[in-house]
Amino acid sequence: MVEPKPDGRFACELVLNGDARAEAGAALGRKLSENGAERVVPAYAARPAPGRRSGGVVEVATLVVTWAGSLVPIIDTVRGWLIEGRNAPPGNGTGPADGTGRVTSITVIMGDDQVEIIQPSTAAEERLVEAFIRRHSPS
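Conventions used here
Residues numbered from 1 in each chain as written. Predicted model: local features only at pLDDT ≥ 70, side-chain atom pairs only at ≥ 80, totals over all residues. Heavy atoms only, no water. Salt bridge = Lys/Arg side-chain N within 4 Å of Asp/Glu carboxyl O. Helix = DSSP H or I, 4+ residues; strand = E, 2+ residues; numbered from the N terminus. Buried < 20%, exposed > 50% of the residue type's maximum accessible area, 1.4 Å probe, protein only. Expected span 1.5 Å × (residues − 1). Axes fitted to C-alpha atoms, helices over the stretch in contact; angles between N-to-C directions. Parallel < 35°, antiparallel > 145°, perpendicular 65-115°, else oblique. Left-handed = near helix turned anticlockwise from the far one by under 90°. Contact = heavy atoms within 4.5 Å. Core = buried A, V, L, I, M, F, W, Y, C linked by side-chain atoms within 4.5 Å.

Think of it this way: side chains of opposite charge can pair up when their charged atoms draw near. One pass over the structure, following the stated rule, counts 6 salt bridges. Among the ionic pairs, Lys-31 bridges to Glu-84, the shortest N-O distance being 3.3 Å. Of this pair, Lys-31 sits in helix α1 (residues 22-34) while Glu-84 sits in helix α2 (residues 72-87), placing them 53 residues apart in sequence. Residue Glu-84 is classed as partly exposed on the basis of its relative accessible area of 41%. Linking Asp-76 and Arg-79 is a salt bridge whose minimum nitrogen-to-oxygen distance equals 3.9 Å. Taken together, the residues Asp-76 and Arg-79, both in helix α2 and 3 residues apart, mark about one turn of the helix.

Here it is, written out as C-alpha cells:
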C-alpha cells in the first residue's frame, strides 16, 4: 500500500485507456489542475534524445498527478471528465471526430495497486473504486 507523504501529498498515475491521443491527456490534465491538482506531468512512452526530433508521433497516455489531501477529488474529476467526453459534441477535444480518439476508461495506479474507472459504471465497479479509495485514505 502506498502511504501518503508526511506533508499530506501523494502522487498517482492515470493511464488513459482506449484510443487516447495527446490532446486527451492534455485536456484531462487541465481539468485536474482546475480542480486542485498541484502538479500534472505527462509520462511519455519514449522521448527523443536531447536536441533530436522524434521520427514519429509520441502519444501521451499516462499522467502523473500530485495532489494534497484525499484521493476522492481525483476520482471525481476522472469520472466527470469521462462523462463529459461521452456526452460532448464532436470537435471538443475529447472525442473521435476531432482526432483525439476515444478514452474508454482510466486506470488509477498507486504503487502496486490500481483500479479502473469506467463511466457509466456498474455497482460492482463502484464497490471496487470505493475499496481502492479506502485503501489509500489516511486512517
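Compared with an ideal rise of 1.5 Å per residue, which puts 13 residues at 18 Å, α1 spans 18 Å between its outermost C-alpha atoms and is within 8% of the ideal. Inspection of α1 places Ala-24, Gly-25, Ala-27, Leu-28, Gly-29 and Leu-32 among the buried residues, and these make up the whole buried set. Downstream of α1 by one or two residues, Gly-36 has phi in the positive range, about 115°.

Along the chain, Gln-119 connects to Pro-120 via a cis peptide bond; the corresponding omega equals -5°. Here Pro-120 lies in the loop between β5 (113-117) and α3 (123-135).

With that out of the way, let us pick up the packing of α1 against α2. Relative orientation of the contacting elements α1 and α2 amounts to 130°, with a least axis distance of 10 Å. Judged on the interaxial angle alone, α2 and α1 are oblique. Between α1 and α2 lies a crossing of right-handed hand. Contact residues: α1 offers Ala-24, Ala-27, Leu-28, Lys-31 and Leu-32, while α2 offers Ile-74, Thr-77, Trp-81 and Glu-84.

Turning our attention to the nonpolar core. Counting 28 residues, the largest nonpolar core has Leu-14, Leu-32, Val-65, Ile-74, Trp-81 and Ile-106 as the members making the most contacts within it. When residues of this core are assigned to their parent elements, the largest contribution, 5 residues, is made by α2. Ile-106 has contacts with Leu-14, Val-15, Leu-16, Asn-17, Leu-28, Val-78, Trp-81, Leu-82, Val-115, Glu-116 and Ile-117, leaving out every residue within four places of it along the chain.

Note that every value here comes from positions in space, so none of it alone points to a role or purpose.
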